[in-house]
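Coordinate analysis (summary)
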Amino acid sequence: MALSRRRRKELKRLKGSAESLWADQQVLIERASDVLKQAKLQAGHLTTEEVIPRVKTAADSVSPAISKNVAAVKAAGDTARDRFTSDVVPAVATTLGSAVAVLQAARDPELAKKRAKKLKKNVSKNIAAFSPKKQKSGPGVGAVVLISLGAVVAVGVAYAVWQTFRADDELWIADEEPDSLDKPNAEG
């Protein structure tokens, strides 16, 4: 097959571009591999610092219940499952999602920008999930009940004092002469 000189130059340039692209892809895959190793390392740290203590705490809270009765063990198992579901599974899923996003980003630079935004959002959400919760402020139900009970008692005491010290003309009996009551009426 006879190619013109112009076509051979274009093919040579195309081959050089393809080799350059291949080299860039190799560097990008190598970087993605490094990032994946770091993600694995961070997942190990997260497991050591967050997951294992929580599982140990859950296990410690479960062990006394085991000796009491089977129903308590079942409830403790449900608690452990809930903690595992709410604490461990999201952390592992986030780590795996990050690893997959890195691999996809290595293959498609446009997708990398989209994934970076999504990853940033997920990371901030997970950080918020592990941050301490704000304590509820204000009086609780017990305080409201006690305040209401105190108000009712205070109103009752005030009413009793008012009833004791009020001037009621009907409560007093006027002094009458005992003689007028005992004597029969002469006129009648």
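What you are looking at is a predicted structure, and each value in this text was computed from that prediction instead of being measured.

A few words now on the overall build of the chain. Scanning the chain for helices and strands turns up 5 helices and 0 strands. With 188 residues in all, the chain has 10% of them scored as buried. For the chain, long-range pairs separated by at least 24 residues make up 62% of all intrachain contacts whose partners lie at least 6 apart in sequence. Per element, the accessible surface of the chain, about 16300 Å² overall, is 62% carbon and sulfur.

This part takes up the pattern of salt bridges. Side chains carrying opposite charge are able to pair once their charged atoms draw close together. Tallying each qualifying case throughout the model produces 5 salt bridges. Taking the shortest distance from any N to any O, the salt bridge between Glu-10 and Arg-7 comes out at 3.0 Å. Here Glu-10 and its partner Arg-7 are both found in helix H1 (residues 5–68), 3 residues apart, which amounts to about one turn of the helix. Under the relative-accessibility criterion, Glu-10 is labelled partly exposed at 30%. A salt bridge links Asp-82 to Arg-81; the shortest N-O distance between them is 4.0 Å. Assessed through its relative accessible area of 45%, Asp-82 is described here as partly exposed. Each member of the salt-bridge network shares a partner with another, and the members are Arg-6, Arg-7 and Glu-10.

Glancing now at the environment of Thr-95. Relative to the elements of secondary structure, Thr-95 occurs in helix H2 (residues 70–107). Here the alpha-carbon distance between Thr-95 and Leu-46, two residues 49 residues apart in the chain, equals 9.9 Å. When residues no more than four places from it in sequence are discounted, the contact partners of Thr-95 are Ala-39 and Ala-43.

Atomic detail in the predicted coordinates should be set aside for any region of low pLDDT. When pLDDT is averaged along the chain, the result is 76, and 66% of the positions lie at 70 or above. Taking the mean pLDDT of every element in the chain, the minimum, 58, falls on helix H5 (residues 178–182) and the maximum, 86, on H1.

On the surface, a cluster of positive charge is contributed by Arg-5, Arg-8, Lys-9 and Arg-13. Inspection of the secondary structure assignment puts Arg-8 in helix H1.

Turning our attention to a nonpolar patch on the surface. Together, Leu-146, Leu-149, Val-153, Val-157, Val-161 and Phe-165 give the surface a local cluster of nonpolar side chains, amounting to about 630 Å² of exposed area. Topologically, Leu-146 is positioned in helix H4 (residues 141–165). Assessed through its relative accessible area of 59%, Leu-146 is described here as exposed.

For the rest of this paragraph, the subject is the environment of Val-55. Within the fold, Val-55 resides in helix H1. In the structure, Val-55 is positioned 32 residues away from Asp-87 in sequence and 9.3 Å away in space, judged by C-alpha atoms.

Definitions and cut-offs
- Residues numbered from 1 in each chain as written.
- Predicted model: local features only at pLDDT ≥ 70, side-chain atom pairs only at ≥ 80, totals over all residues.
- Heavy atoms only, no water.
- Helix = DSSP H or I, 4+ residues; strand = E, 2+ residues; numbered from the N terminus.
- Buried < 20%, exposed > 50% of the residue type's maximum accessible area, 1.4 Å probe, protein only.
- Contact = heavy atoms within 4.5 Å.
- Areas by Shrake-Rupley, 256 points an atom, 1.4 Å probe, with all protein chains shown as cover.
- Salt bridge = Lys/Arg side-chain N within 4 Å of Asp/Glu carboxyl O.
- pLDDT = per-residue confidence, 0-100.
- Patch = residues over 30% accessible without salt bridge, like charges linked within 9 Å, V, L, I, M, F, W, Y side chains within 5 Å.
- Lys, Arg positive; Asp, Glu negative; His and termini not counted.
- Charge placed at Lys NZ, Arg CZ, Asp CG, Glu CD.

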